[in-house]
Amino acid sequence: MYSLDAYGSMIADRVRVGSYAQALRKTVREGSVVVEIGTGPGIFAVLACQLGASWVYAIEPSEIIQVAREVATANGCADKIVFYEGLSDEVTLPTRADVILSDLRGVLPFFGRHIPSIVDARRRFLSPEGVLIPRNDTLWAAIVEAPKDYGKLVAAWECNVLGQDLGPARKLIVNDTQKIRVDPDQLMTIPQLWSTLDYDSIENPDVQSNLSWRVERTGTGHGILVWFDAELVDGIGFSNAPSAPETVYGSLFLPWTSPVSLLPGQTVSVDLEAKLLSSDYLWRWTTRIEPLERLSTSVIHFDQSQLAGLVLSTAQLRRKAADYVPHLSEDGRLRRRTLELMDERTSLAEIARRLANEFPERFPRWERALSYAAKISEECSR
(Lines give C-alpha, C1' and ligand atoms only; values in the text may rest on other atoms or scores of the structure.)
Protein backbone atom coordinates (compact mmCIF):
# COMPACT_ATOMS: atom_id res chain seq x y z
CA MET A 1 0.00 0.00 0.00
CA TYR A 2 1.23 3.49 -0.83
CA SER A 3 1.65 6.29 1.73
CA LEU A 4 -0.21 9.58 1.32
CA ASP A 5 3.12 11.16 0.41
CA ALA A 6 3.57 8.60 -2.38
CA TYR A 7 0.11 9.39 -3.74
CA GLY A 8 1.08 13.05 -3.65
CA SER A 9 4.12 12.29 -5.80
CA MET A 10 1.90 10.53 -8.34
CA ILE A 11 -0.50 13.46 -8.49
CA ALA A 12 2.41 15.89 -8.84
CA ASP A 13 3.70 13.94 -11.87
CA ARG A 14 2.40 16.21 -14.63
CA VAL A 15 3.40 13.80 -17.39
CA ARG A 16 1.39 10.96 -15.87
CA VAL A 17 -1.63 12.99 -14.77
CA GLY A 18 -1.72 15.04 -17.97
CA SER A 19 -1.66 11.96 -20.17
CA TYR A 20 -4.45 10.18 -18.27
CA ALA A 21 -6.52 13.36 -18.24
CA GLN A 22 -6.18 13.67 -22.04
CA ALA A 23 -7.19 10.03 -22.44
CA LEU A 24 -10.31 10.56 -20.33
CA ARG A 25 -11.24 13.72 -22.25
CA LYS A 26 -10.99 11.72 -25.47
CA THR A 27 -13.08 8.76 -24.32
CA VAL A 28 -15.64 9.88 -21.73
CA ARG A 29 -18.90 11.13 -23.19
CA GLU A 30 -22.08 12.50 -21.64
CA GLY A 31 -23.74 9.52 -19.92
CA SER A 32 -20.67 7.24 -19.99
CA VAL A 33 -20.17 4.59 -17.33
CA VAL A 34 -16.59 4.61 -16.09
CA VAL A 35 -14.69 2.17 -13.86
CA GLU A 36 -11.42 3.10 -12.21
CA ILE A 37 -9.37 0.26 -10.75
CA GLY A 38 -7.05 1.54 -8.06
CA THR A 39 -8.65 4.95 -7.66
CA GLY A 40 -6.27 6.09 -4.90
CA PRO A 41 -7.29 9.63 -3.86
CA GLY A 42 -9.90 9.67 -6.61
CA ILE A 43 -8.73 12.45 -8.92
CA PHE A 44 -9.49 10.58 -12.14
CA ALA A 45 -12.87 9.39 -10.85
CA VAL A 46 -13.77 13.02 -10.16
CA LEU A 47 -12.49 14.09 -13.58
CA ALA A 48 -14.65 11.45 -15.27
CA CYS A 49 -17.69 12.94 -13.51
CA GLN A 50 -16.70 16.44 -14.54
CA LEU A 51 -16.48 15.22 -18.14
CA GLY A 52 -20.08 14.02 -18.08
CA ALA A 53 -20.01 10.41 -16.86
CA SER A 54 -23.36 9.30 -15.49
CA TRP A 55 -21.75 6.83 -13.08
CA VAL A 56 -18.22 6.13 -11.94
CA TYR A 57 -17.37 2.95 -10.07
CA ALA A 58 -14.15 3.62 -8.15
CA ILE A 59 -12.40 0.55 -6.76
CA GLU A 60 -9.62 0.73 -4.17
CA PRO A 61 -8.47 -1.82 -1.54
CA SER A 62 -6.57 0.55 0.76
CA GLU A 63 -7.74 3.14 3.28
CA ILE A 64 -6.90 5.97 0.86
CA ILE A 65 -10.42 5.34 -0.42
CA GLN A 66 -11.73 7.48 2.44
CA VAL A 67 -9.71 10.40 1.06
CA ALA A 68 -11.24 9.69 -2.35
CA ARG A 69 -14.75 9.83 -0.87
CA GLU A 70 -14.01 13.20 0.70
CA VAL A 71 -12.42 14.49 -2.50
CA ALA A 72 -15.54 13.45 -4.40
CA THR A 73 -17.74 15.32 -1.91
CA ALA A 74 -15.50 18.40 -2.01
CA ASN A 75 -15.85 18.52 -5.81
CA GLY A 76 -19.60 17.96 -5.92
CA CYS A 77 -19.35 14.45 -7.42
CA ALA A 78 -20.32 12.22 -4.50
CA ASP A 79 -23.75 11.42 -5.98
CA LYS A 80 -22.22 10.02 -9.17
CA ILE A 81 -19.32 7.96 -7.77
CA VAL A 82 -19.86 4.58 -6.15
CA PHE A 83 -16.84 3.48 -4.14
CA TYR A 84 -15.90 -0.16 -3.64
CA GLU A 85 -13.37 -0.87 -0.91
CA GLY A 86 -11.62 -4.04 -2.02
CA LEU A 87 -9.81 -5.71 -4.90
CA SER A 88 -11.44 -5.46 -8.30
CA ASP A 89 -11.72 -9.23 -8.71
CA GLU A 90 -13.83 -9.33 -5.52
CA VAL A 91 -16.25 -6.69 -6.82
CA THR A 92 -19.49 -7.21 -8.77
CA LEU A 93 -20.81 -4.18 -10.64
CA PRO A 94 -24.45 -3.52 -11.54
CA THR A 95 -23.69 -2.61 -15.17
CA ARG A 96 -20.96 -2.78 -17.80
CA ALA A 97 -18.52 0.07 -18.35
CA ASP A 98 -17.84 2.19 -21.41
CA VAL A 99 -14.38 3.07 -20.08
CA ILE A 100 -12.10 1.22 -17.67
CA LEU A 101 -9.13 3.21 -16.40
CA SER A 102 -6.24 1.91 -14.31
CA ASP A 103 -2.67 2.66 -13.42
CA LEU A 104 -1.56 -0.41 -11.51
CA ARG A 105 2.07 -0.23 -12.56
CA GLY A 106 5.11 -0.01 -10.35
CA VAL A 107 8.35 0.84 -12.11
CA LEU A 108 7.02 -1.45 -14.85
CA PRO A 109 3.59 -2.95 -15.62
CA PHE A 110 4.79 -6.16 -13.94
CA PHE A 111 3.52 -5.14 -10.53
CA GLY A 112 1.58 -7.41 -8.20
CA ARG A 113 -1.55 -8.83 -9.81
CA HIS A 114 -1.93 -5.95 -12.27
CA ILE A 115 -2.32 -8.10 -15.38
CA PRO A 116 -4.73 -10.70 -13.90
CA SER A 117 -6.81 -7.81 -12.55
CA ILE A 118 -7.04 -6.22 -16.00
CA VAL A 119 -7.92 -9.55 -17.63
CA ASP A 120 -10.70 -10.08 -15.07
CA ALA A 121 -12.01 -6.52 -15.47
CA ARG A 122 -12.02 -6.81 -19.25
CA ARG A 123 -14.13 -9.95 -19.05
CA ARG A 124 -16.59 -8.91 -16.34
CA PHE A 125 -16.79 -5.12 -16.44
CA LEU A 126 -16.18 -3.90 -19.99
CA SER A 127 -18.99 -3.45 -22.51
CA PRO A 128 -18.45 -4.93 -26.02
CA GLU A 129 -17.51 -1.53 -27.46
CA GLY A 130 -15.80 -0.32 -24.31
CA VAL A 131 -12.32 1.18 -24.00
CA LEU A 132 -9.44 0.12 -21.78
CA ILE A 133 -7.04 2.81 -20.57
CA PRO A 134 -4.18 2.05 -21.02
CA ARG A 135 -4.48 0.18 -24.29
CA ASN A 136 -0.99 -1.31 -24.22
CA ASP A 137 2.47 -1.07 -22.71
CA THR A 138 5.55 -1.71 -24.83
CA LEU A 139 8.67 -2.83 -22.96
CA TRP A 140 12.23 -2.01 -24.02
CA ALA A 141 15.64 -3.02 -22.71
CA ALA A 142 19.25 -1.96 -23.20
CA ILE A 143 22.66 -2.43 -21.60
CA VAL A 144 23.44 0.50 -19.32
CA GLU A 145 26.52 2.12 -17.83
CA ALA A 146 25.43 3.23 -14.37
CA PRO A 147 28.48 3.59 -12.08
CA LYS A 148 26.78 5.79 -9.48
CA ASP A 149 23.72 3.59 -9.10
CA TYR A 150 25.78 0.40 -9.08
CA GLY A 151 28.18 1.96 -6.59
CA LYS A 152 25.34 2.86 -4.21
CA LEU A 153 24.13 -0.71 -4.46
CA VAL A 154 27.37 -2.49 -3.57
CA ALA A 155 29.53 0.12 -1.79
CA ALA A 156 28.47 -0.76 1.76
CA TRP A 157 29.23 -4.43 1.16
CA GLU A 158 32.55 -3.92 -0.63
CA CYS A 159 34.18 -1.38 1.69
CA ASN A 160 33.02 -0.86 5.25
CA VAL A 161 34.56 1.05 8.15
CA LEU A 162 35.21 -2.16 10.11
CA GLY A 163 37.19 -3.72 7.30
CA GLN A 164 35.10 -6.90 7.36
CA ASP A 165 34.41 -9.26 4.46
CA LEU A 166 30.74 -8.73 3.63
CA GLY A 167 30.88 -10.67 0.38
CA PRO A 168 27.89 -12.92 1.26
CA ALA A 169 25.62 -9.85 1.41
CA ARG A 170 27.04 -8.45 -1.82
CA LYS A 171 26.11 -11.67 -3.62
CA LEU A 172 22.51 -11.13 -2.53
CA ILE A 173 22.16 -7.44 -3.35
CA VAL A 174 23.18 -7.84 -7.02
CA ASN A 175 20.37 -10.36 -7.48
CA ASP A 176 17.59 -7.86 -6.95
CA THR A 177 16.07 -5.15 -9.11
CA GLN A 178 16.40 -1.42 -8.48
CA LYS A 179 14.52 1.71 -9.52
CA ILE A 180 16.90 4.25 -11.09
CA ARG A 181 16.95 7.19 -13.47
CA VAL A 182 19.68 7.48 -16.12
CA ASP A 183 20.54 9.79 -19.01
CA PRO A 184 20.21 8.54 -22.61
CA ASP A 185 23.98 8.67 -23.15
CA GLN A 186 24.43 6.05 -20.42
CA LEU A 187 22.93 3.40 -22.71
CA MET A 188 25.62 1.29 -24.39
CA THR A 189 23.38 -0.44 -26.93
CA ILE A 190 20.42 0.35 -29.15
CA PRO A 191 17.22 -0.46 -27.18
CA GLN A 192 15.59 -3.76 -28.09
CA LEU A 193 11.87 -4.53 -27.93
CA TRP A 194 11.25 -7.06 -25.18
CA SER A 195 7.45 -7.40 -25.22
CA THR A 196 4.18 -5.61 -25.93
CA LEU A 197 1.35 -6.02 -23.42
CA ASP A 198 -1.90 -5.60 -25.37
CA TYR A 199 -4.58 -5.26 -22.70
CA ASP A 200 -7.40 -5.90 -25.18
CA SER A 201 -6.20 -9.48 -25.58
CA ILE A 202 -3.56 -10.34 -22.96
CA GLU A 203 -4.10 -13.49 -20.89
CA ASN A 204 -0.66 -14.54 -19.64
CA PRO A 205 0.91 -12.35 -16.94
CA ASP A 206 4.41 -13.78 -17.56
CA VAL A 207 6.96 -12.63 -20.14
CA GLN A 208 10.15 -14.38 -21.19
CA SER A 209 12.35 -13.70 -24.19
CA ASN A 210 15.97 -13.71 -25.32
CA LEU A 211 17.43 -10.35 -26.28
CA SER A 212 20.67 -9.64 -28.11
CA TRP A 213 22.59 -6.40 -28.60
CA ARG A 214 25.79 -5.19 -30.19
CA VAL A 215 27.73 -2.79 -28.00
CA GLU A 216 27.84 0.68 -29.55
CA ARG A 217 30.66 2.33 -27.62
CA THR A 218 33.53 1.68 -25.24
CA GLY A 219 32.58 1.73 -21.59
CA THR A 220 31.66 -0.34 -18.56
CA GLY A 221 28.40 -2.24 -18.51
CA HIS A 222 26.71 -2.51 -15.13
CA GLY A 223 23.53 -4.34 -16.10
CA ILE A 224 20.25 -4.11 -17.98
CA LEU A 225 17.78 -1.22 -18.02
CA VAL A 226 14.10 -1.87 -18.75
CA TRP A 227 11.34 0.70 -19.35
CA PHE A 228 7.89 1.01 -20.91
CA ASP A 229 6.11 3.15 -23.48
CA ALA A 230 2.45 3.44 -22.51
CA GLU A 231 -0.26 3.97 -25.12
CA LEU A 232 -3.35 5.07 -23.24
CA VAL A 233 -5.55 5.65 -26.29
CA ASP A 234 -4.80 6.57 -29.91
CA GLY A 235 -2.20 9.31 -29.99
CA ILE A 236 -1.92 9.72 -26.20
CA GLY A 237 0.68 8.13 -23.98
CA PHE A 238 3.88 8.59 -22.04
CA SER A 239 7.13 6.76 -21.29
CA ASN A 240 9.66 6.24 -18.51
CA ALA A 241 12.50 5.83 -21.03
CA PRO A 242 15.80 7.60 -20.32
CA SER A 243 15.09 9.98 -23.22
CA ALA A 244 11.60 10.87 -21.95
CA PRO A 245 10.71 13.52 -19.35
CA GLU A 246 11.25 12.22 -15.83
CA THR A 247 8.22 10.57 -14.23
CA VAL A 248 7.37 9.03 -10.88
CA TYR A 249 8.06 5.56 -12.29
CA GLY A 250 11.85 5.68 -12.89
CA SER A 251 13.27 2.75 -14.87
CA LEU A 252 14.08 -0.81 -13.79
CA PHE A 253 17.74 -1.73 -13.31
CA LEU A 254 18.85 -5.36 -13.24
CA PRO A 255 22.49 -5.25 -12.10
CA TRP A 256 25.15 -7.70 -13.20
CA THR A 257 27.14 -9.73 -10.72
CA SER A 258 30.10 -7.47 -11.49
CA PRO A 259 30.78 -4.59 -13.92
CA VAL A 260 32.16 -5.57 -17.34
CA SER A 261 34.42 -3.56 -19.64
CA LEU A 262 32.81 -3.55 -23.08
CA LEU A 263 34.07 -2.65 -26.56
CA PRO A 264 32.15 -1.64 -29.69
CA GLY A 265 31.00 -4.68 -31.64
CA GLN A 266 30.75 -7.07 -28.71
CA THR A 267 27.58 -9.14 -28.49
CA VAL A 268 25.57 -9.26 -25.28
CA SER A 269 22.69 -11.73 -25.00
CA VAL A 270 20.22 -11.86 -22.13
CA ASP A 271 17.44 -14.32 -21.39
CA LEU A 272 15.02 -12.07 -19.49
CA GLU A 273 12.02 -13.40 -17.59
CA ALA A 274 9.34 -11.88 -15.36
CA LYS A 275 7.11 -14.54 -13.79
CA LEU A 276 4.13 -13.93 -11.52
CA LEU A 277 4.21 -16.08 -8.38
CA SER A 278 1.12 -15.57 -6.22
CA SER A 279 1.04 -11.78 -5.82
CA ASP A 280 4.64 -10.83 -6.66
CA TYR A 281 6.86 -11.06 -9.70
CA LEU A 282 10.08 -13.04 -9.77
CA TRP A 283 12.77 -11.72 -12.10
CA ARG A 284 15.49 -13.79 -13.72
CA TRP A 285 18.19 -12.51 -16.07
CA THR A 286 20.84 -14.75 -17.60
CA THR A 287 23.59 -12.87 -19.44
CA ARG A 288 26.19 -14.02 -21.98
CA ILE A 289 28.87 -11.57 -23.14
CA GLU A 290 30.93 -12.63 -26.15
CA PRO A 291 34.50 -11.38 -26.57
CA LEU A 292 35.67 -9.84 -29.82
CA GLU A 293 37.38 -12.31 -32.14
CA ARG A 294 40.69 -10.45 -31.99
CA LEU A 295 40.81 -10.79 -28.22
CA SER A 296 41.74 -13.91 -26.31
CA THR A 297 39.35 -13.28 -23.42
CA SER A 298 36.69 -15.86 -22.57
CA VAL A 299 32.91 -15.64 -22.58
CA ILE A 300 31.42 -13.94 -19.52
CA HIS A 301 28.31 -15.55 -18.09
CA PHE A 302 25.99 -14.37 -15.29
CA ASP A 303 22.97 -16.35 -14.08
CA GLN A 304 20.93 -14.15 -11.77
CA SER A 305 17.48 -14.11 -10.22
CA GLN A 306 15.65 -12.65 -7.28
CA LEU A 307 15.57 -16.13 -5.78
CA ALA A 308 19.34 -15.88 -5.41
CA GLY A 309 18.88 -12.54 -3.69
CA LEU A 310 16.47 -13.68 -0.97
CA VAL A 311 17.64 -13.25 2.60
CA LEU A 312 16.75 -16.56 4.24
CA SER A 313 17.63 -18.17 7.54
CA THR A 314 18.08 -21.92 7.91
CA ALA A 315 15.50 -21.95 10.71
CA GLN A 316 12.89 -20.27 8.52
CA LEU A 317 13.66 -22.61 5.62
CA ARG A 318 13.29 -25.62 7.92
CA ARG A 319 9.80 -24.43 8.91
CA LYS A 320 8.83 -24.35 5.21
CA ALA A 321 10.07 -27.86 4.38
CA ALA A 322 7.47 -30.39 3.24
CA ASP A 323 8.38 -32.87 6.00
CA TYR A 324 8.36 -30.30 8.81
CA VAL A 325 5.67 -30.87 11.47
CA PRO A 326 4.57 -27.43 12.68
CA HIS A 327 3.59 -26.60 16.26
CA LEU A 328 1.64 -23.47 17.10
CA SER A 329 3.57 -20.79 18.95
CA GLU A 330 1.89 -18.55 21.53
CA ASP A 331 1.23 -16.07 18.73
CA GLY A 332 -0.33 -18.84 16.69
CA ARG A 333 -2.58 -19.94 19.56
CA LEU A 334 -3.59 -16.34 20.19
CA ARG A 335 -4.45 -15.75 16.54
CA ARG A 336 -6.39 -19.04 16.35
CA ARG A 337 -8.41 -18.12 19.44
CA THR A 338 -9.16 -14.67 18.05
CA LEU A 339 -10.42 -16.15 14.78
CA GLU A 340 -12.56 -18.66 16.70
CA LEU A 341 -14.20 -15.82 18.62
CA MET A 342 -14.72 -13.85 15.42
CA ASP A 343 -16.42 -16.88 13.88
CA GLU A 344 -18.89 -16.88 16.79
CA ARG A 345 -20.04 -13.40 15.67
CA THR A 346 -18.77 -11.84 18.88
CA SER A 347 -18.19 -8.09 19.12
CA LEU A 348 -14.61 -6.81 19.23
CA ALA A 349 -15.16 -5.53 22.75
CA GLU A 350 -16.20 -8.98 23.96
CA ILE A 351 -13.39 -10.67 22.02
CA ALA A 352 -10.91 -8.31 23.71
CA ARG A 353 -12.28 -9.09 27.20
CA ARG A 354 -12.00 -12.81 26.63
CA LEU A 355 -8.51 -12.54 25.17
CA ALA A 356 -7.39 -10.46 28.15
CA ASN A 357 -8.75 -13.15 30.49
CA GLU A 358 -7.22 -16.07 28.59
CA PHE A 359 -3.86 -14.44 27.79
CA PRO A 360 -3.19 -12.17 30.81
CA GLU A 361 0.60 -12.08 30.30
CA ARG A 362 0.13 -10.89 26.72
CA PHE A 363 -2.62 -8.39 27.54
CA PRO A 364 -2.23 -6.84 30.99
CA ARG A 365 -4.68 -4.16 29.84
CA TRP A 366 -7.98 -4.68 28.03
CA GLU A 367 -7.19 -1.86 25.59
CA ARG A 368 -4.18 -3.74 24.23
CA ALA A 369 -6.34 -6.80 23.59
CA LEU A 370 -8.85 -4.58 21.77
CA SER A 371 -6.10 -3.15 19.53
CA TYR A 372 -4.93 -6.67 18.70
CA ALA A 373 -8.47 -7.91 17.95
CA ALA A 374 -9.12 -4.87 15.76
CA LYS A 375 -5.97 -5.59 13.74
CA ILE A 376 -7.04 -9.22 13.14
CA SER A 377 -10.53 -7.99 12.24
CA GLU A 378 -9.06 -5.61 9.66
CA GLU A 379 -7.08 -8.44 8.07
CA CYS A 380 -9.66 -11.21 8.12
CA SER A 381 -13.23 -9.99 8.49
CA ARG A 382 -15.73 -9.17 5.78
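Anything mentioned here points back to the structure above.
Here is a short report on the structure shown in this document. Everything numeric here is computed off the predicted structure, so don't read it as measured data.

Rules used throughout
Residues numbered from 1 in each chain as written. Predicted model: local features only at pLDDT ≥ 70, side-chain atom pairs only at ≥ 80, totals over all residues. Heavy atoms only, no water. Helix = DSSP H or I, 4+ residues; strand = E, 2+ residues; numbered from the N terminus. Buried < 20%, exposed > 50% of the residue type's maximum accessible area, 1.4 Å probe, protein only. Areas by Shrake-Rupley, 256 points an atom, 1.4 Å probe, with all protein chains shown as cover. Lys, Arg positive; Asp, Glu negative; His and termini not counted. Charge placed at Lys NZ, Arg CZ, Asp CG, Glu CD. Core = buried A, V, L, I, M, F, W, Y, C linked by side-chain atoms within 4.5 Å. Contact = heavy atoms within 4.5 Å. Pairing = 2+ DSSP bridges. Axes fitted to C-alpha atoms, helices over the stretch in contact; angles between N-to-C directions. Patch = residues over 30% accessible without salt bridge, like charges linked within 9 Å, V, L, I, M, F, W, Y side chains within 5 Å. Salt bridge = Lys/Arg side-chain N within 4 Å of Asp/Glu carboxyl O. Parallel < 35°, antiparallel > 145°, perpendicular 65-115°, else oblique. Left-handed = near helix turned anticlockwise from the far one by under 90°. Nonpolar A, V, L, I, M, F, W, Y, C, P; charged D, E, K, R; others polar.

### Focus on the overall build of the protein
Line of reasoning, step 1. When you go through the protein residue by residue, the secondary structure sums to 11 helices and 15 strands.
Line of reasoning, step 2. Expressed as lengths along the three principal axes of its C-alpha atoms, the size of the protein is roughly 80 × 60 × 40 Å.
Line of reasoning, step 3. Looking at the protein as a whole, 47% of its 382 residues are labelled buried.
Line of reasoning, step 4. Accessible area of the protein: about 20,000 Å², with a carbon and sulfur share of 51%.
Line of reasoning, step 5. In the protein, 41 positive and 50 negative side-chain charges are present, and the distance between their average locations comes to 3 Å.

### Regarding the nonpolar core
Line of reasoning, step 1. Residues I81, F110, W194, I224, V226 and W283 are the most contacted members of the largest nonpolar core, which totals 81 residues.
Line of reasoning, step 2. Other than its neighbours up to four places away in sequence, W283 contacts L108, F110, T177, W194, L252, L254, L272, E273, A274, S305 and Q306.

### Side note on the pairing of strand β14 (residues 280–289)
Line of reasoning, step 1. The buried fraction of β14 amounts to seven of the 10 residues, a majority that puts the element mostly inside the structure.
Line of reasoning, step 2. Pairing between strand β13 (residues 267–277) and β14: 10 bridges, direction antiparallel. Across the sheet, residue A274 finds its bridge partner in β14, namely W283.
Line of reasoning, step 3. In terms of strand pairing, β14 meets strand β15 (residues 300–305) through six bridges, oriented antiparallel. Opposite W285, over in β15, you have Q304 as the bridge partner.

### Notes on the packing of helix α1 (residues 4–12) against helix α2 (residues 14–27)
Line of reasoning, step 1. Packing of α1 against α2 leaves a shortest axis separation of 5 Å and a crossing angle of 65°. Side by side, α1 and α2 meet where M10, I11 and A12 of the first sit next to R14, R16 and V17 of the second.

### As for the sheet that holds strand β5 (residues 126–133)
Line of reasoning, step 1. Read across the sheet, five strands follow the order β3-β2-β1-β4-β5 without closing on themselves; strand pairing throughout is parallel. Each end of this open sheet is capped by a strand with a single partner; those strands are β3 (81–85) and β5. When strand polarity is set aside, the average angle formed by the axes of neighbouring strands in this sheet is 20°.
Line of reasoning, step 2. Across four bridges, strand β4 (residues 97–102) lies against β5 in parallel orientation. What sits directly across from A97, in β5, is L126.
Line of reasoning, step 3. Running at roughly 155° to β5, α2 makes contact with β4 and β5 of the sheet.

### Describing a nonpolar patch on the surface
Line of reasoning, step 1. Taken together, the side chains of L307, L310 and L312 define a hydrophobic patch exposed on the protein surface, amounting to about 280 Å² of accessible area.
Line of reasoning, step 2. Its place among the elements puts L310 in the loop between β15 and α8 (314–320).

### Structural notes on the sheet that holds strand β9 (residues 207–214)
Line of reasoning, step 1. Pairing in this open sheet of four strands is antiparallel, and the strands run β9-β13-β14-β15 from one edge to the other. Where the open sheet ends on each side, the last strands, each with one partner, are β9 and β15. Each strand axis lies, on average, 10° off the axis of its neighbour in the sheet, ignoring direction.

### Some remarks on unusual backbone geometry
Line of reasoning, step 1. In this structure, P134 follows I133 across a cis peptide bond, with omega equal to 5°.
Line of reasoning, step 2. Looking at where P134 falls in the secondary structure, it is placed in the loop between β5 and β6 (136–144).
Line of reasoning, step 3. The phi dihedral of S278 falls on the positive side, at around 60°, and the residue is not glycine.
Line of reasoning, step 4. Among the structural elements, S278 can be located in the loop between β13 and β14.
Line of reasoning, step 5. When its relative accessible area of 61% is taken as the criterion, S278 is described as exposed.
Line of reasoning, step 6. The phi dihedral of R345 is positive, around 60°, even though this residue is not glycine.

### Regarding the packing of helix α10 (residues 348–358) against helix α11 (residues 366–380)
Line of reasoning, step 1. For the pair α10 and α11, interaxial distance at closest approach is 8 Å and the crossing angle is 125°. As judged from the angle between their axes, α10 and α11 are oblique. In this structure, α10 crosses over α11, and the sense of that crossing is right-handed. When α10 is examined against α11, the residues L348, A349, I351, A352, R353, L355 and A356 are found in contact with a partner set consisting of W366, A369, L370, Y372, A373, A374 and S377.
Line of reasoning, step 2. Partitioning the contact of α10 with α11 into residue classes produces 12 nonpolar, one polar and one charged.

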